[in-house]
Amino acid sequence: MAKRPASFICQICGAAYPRWQGKCDSCGAWNSIAEEQGGQSALPVAQRTERKGRIFPLEGLAGTSEDAPRTVSAIAEFDRVTGGGLVPGSVLLIGGDPGIGKSTLLIQASAALAESGHRVIYVSGEEAVAQVRLRAGRLGLAGAAVELAAETNVEDIVATLSAGRAPALVVVDSIQTMWTETAESAPGTVTQVRSSAQLLIRYAKKAGAAVILVGHVTKDGQIAGPRVVEHMVDAVLSFEGDGAHRFRILRAQKNRFGPTDEIGVFEMTGLGLREVANPSELFLANRDRSAPGTAVYAGMEGSRPVLVEIQALVVPTSLGTPRRAVVGWDPSRLSMVLAVLEARCGVKLGGHDVHLNVAGGFRISEPAADLAVAAALVSSLTGAVLPAEDVYFGELSLTGAIRPVAHTVARLKEAAKLGFQGAMVPPMLASDPLPSDNALSIRPAATLADLVAGIAARAPRRAPQAATEEG
Ligand code: TYD
Ligand code: MG
């Protein structure tokens, strides 16, 4: 058979070109196009159109279908993110920075499943069997009946998997190390990753086994290789955290069998990952209650309330353009809060550097944090310490009004449970009555100006400054 012509494929988005070029027209990336051999279809063009299509029955939306059955791992934080356990025949892609703990998480999940009598196979393309064993030994899981292999050829892997009793779970660590004979390019290239994923997905559907693929991420946090793999799989999870902090967050980015806003919280310890059932306690540990510039935000992650501390530092700038540094929140949201503070409340921060940090390395994606951020900013600027037993939540509108947010009751309940006594919240909606056992003192703020006035009233008198002016 004649060798199929080479084509040039963007390693980021998978777009194909007849010749090399420096920039991908499709995704705009530079220097991402590499030469790869071979196309997609094994059949020559002439034969492709000859087969007559099979006629299949069409069905209506009404009718009964059972809920997908689930294989529960008993690691509650993991099961929560998958939507209540692994669905047989589904394929899950899990991405994360190198060293974040993906392999550790998956060997722990594998051991937990094996413990409850399921057949679990762990295929590592990155580490030798001895290394995986060593890690399992350190985690105290050496006794678990997980079957290990260090292999990278997908045909061999699928053949081995198909030979025995169908496993409940197969872990493939990582998809970038896999290669298949059907594609001629080097392992790690788009074609290889895509073809390998395709074969493993086909195996999962056929055997009814859940397959978890580990995916590397690039510097900017994307799962390396073609985005198409993300479209092919049933769920995409990311495992996040930063090296400086011990805790890790498992987040669903896409899930055909469950919600995408749930998170699982883990703590990396010397004995592997430990589940954190109450993340708020962890995020609020070591809080400095007497310093200005901190406010506790009552947030929601999926169905779970999470309280975190927001820290702001506002200092006069020595630069022409003041600095705006944000960790754990959306910088454009900060710009918006600063603009509303200036336009609607006369709080001018144009001559100040602003640093904002979400304590503990947590990342907030909800707009409901606006009110807590504004409170921390005004507190830092005025030197007024906010009451340590208060929480804040509410979304800011450009007019300066505070908008209601969802899950008011859950947020208040969590705050009360953790010993908080007050809450500054958006004006209450009729549909959102207070919890019947509410013990918090609720202070609704209709506008940002209400908040600023309240904090300014607590600010210390600037006596030393006044003295220098007189003297
Ligand atoms: P690993 O699971 O190999 O990360 P990934 O597969 O995402 O690349 O995790 C490696 C890191 O986790 C390593 O830096 C050491 C740390 N670690 C612990 O702190 N405690 C442990 O018990 C284990 C197994 C790893
Ligand atoms: Mg690993």
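Structural notes, computed from the coordinates. It should be emphasised that the depicted structure is a prediction, and the values quoted were computed from it without experimental measurement. (Residues numbered from 1 in each chain as written. Chains lettered and ligands numbered in written order. Predicted model: local features only at pLDDT ≥ 70, side-chain atom pairs only at ≥ 80, totals over all residues. Heavy atoms only, no water.)

For the rest of this paragraph, the subject is the overall build of the protein chain. Looking only at helices and strands, one finds 13 helices and 21 strands in the protein chain. Its C-alpha atoms give the protein chain principal-axis dimensions of about 95 × 55 × 50 Å. Going through the 471 residues of the protein chain one by one, you find that 47% of them count as buried. Sequence separation of at least 24 residues holds for 67% of the intrachain contacts in the protein chain that already meet a minimum separation of 6. Total accessible area computed for the protein chain in this model is approximately 23,000 Å², and 55% of it derives from carbon and sulfur atoms. Of the charged side chains in the protein chain, 45 are positive and 47 negative; the average position of the first set lies 3 Å away from that of the second. (Helix = DSSP H or I, 4+ residues; strand = E, 2+ residues; numbered from the N terminus. Buried < 20%, exposed > 50% of the residue type's maximum accessible area, 1.4 Å probe, protein only. Contact = heavy atoms within 4.5 Å. Areas by Shrake-Rupley, 256 points an atom, 1.4 Å probe, with all protein chains shown as cover. Lys, Arg positive; Asp, Glu negative; His and termini not counted. Charge placed at Lys NZ, Arg CZ, Asp CG, Glu CD.)

All right, on to the site of ligand 1 then. Taken together, 16 residues surround ligand 1, and among them G99, K102, S103, T104 and R135 come closest. One of the backbone N or O atoms of I100 is found 3.4 Å from an oxygen atom in ligand 1. Separating a nitrogen atom of ligand 1 from a backbone N or O atom of T269 is a distance of 2.8 Å. Out of a free accessible area of 560 Å², ligand 1 has 72% covered by protein chains. Elements with a minimum of two residues in the shell around ligand 1: α3 (102-115), α4 (129-138) and β11 (263-269). With three residues, α3 is the largest single contributor of residues to the shell around ligand 1. Looking at side-chain class alone, the shell around ligand 1 contains five nonpolar, seven polar and four charged residues. (Near = heavy atom within 4 Å. Polar contact = N/O pair within 3.5 Å; in protein donor to acceptor, adjacent residues only side chain to side chain. Nonpolar A, V, L, I, M, F, W, Y, C, P; charged D, E, K, R; others polar.)

Next up on the list: helix α5 (residues 154-163). Of the positions making up α5, those classed as buried are V154, I157 and L161. Looking straight down α5, one finds its buried side chains confined to an arc of 60°; they lie on one side. Residues of α5 that are exposed and point over 90 degrees away from its buried face: T160 and A163. Elements in contact with the buried residues of α5: β5 (120-124), β7 (169-173) and α6 (190-207). The N-terminus of α5 is capped by N153, whose side-chain oxygen sits 3.0 Å from the backbone nitrogen of E155. (Arc of directions from axis to C-beta.)

The mixed open sheet is built from seven strands, whose spatial order is β15-β16-β14-β13-β17-β20-β21. Bordering the open sheet on either side are β15 (324-327) and β21 (441-444), each of which pairs with just one other strand. Direction aside, the axes of adjacent strands within the sheet are offset by 25° on average. Relative to strand β16 (residues 352-358), β15 runs parallel, the two sharing four bridges. In the strand pairing of β16, V326 is matched with L356. Running over the sheet, helix α11 (residues 408-417) touches β13 (294-301), β14 (304-316), β17 (390-392), β20 (422-425) and β21 and is turned about 125° from β13. (Pairing = 2+ DSSP bridges. Axes fitted to C-alpha atoms, helices over the stretch in contact; angles between N-to-C directions.)

Before going further, it helps to examine the sheet that holds strand β3 (residues 33-36). If you trace the three strands from one edge of the open sheet to the other, you get β2-β1-β3, paired in antiparallel fashion. Only two strands of the sheet have a single partner each, and these edge strands are β2 (16-17) and β3. Relative to β2, strand β1 (residues 7-10) runs antiparallel, the two sharing two bridges. The residue bridging F8 from the neighbouring strand is Y17, located in β2.

The values reported here are purely geometric and, on their own, carry no functional implication.
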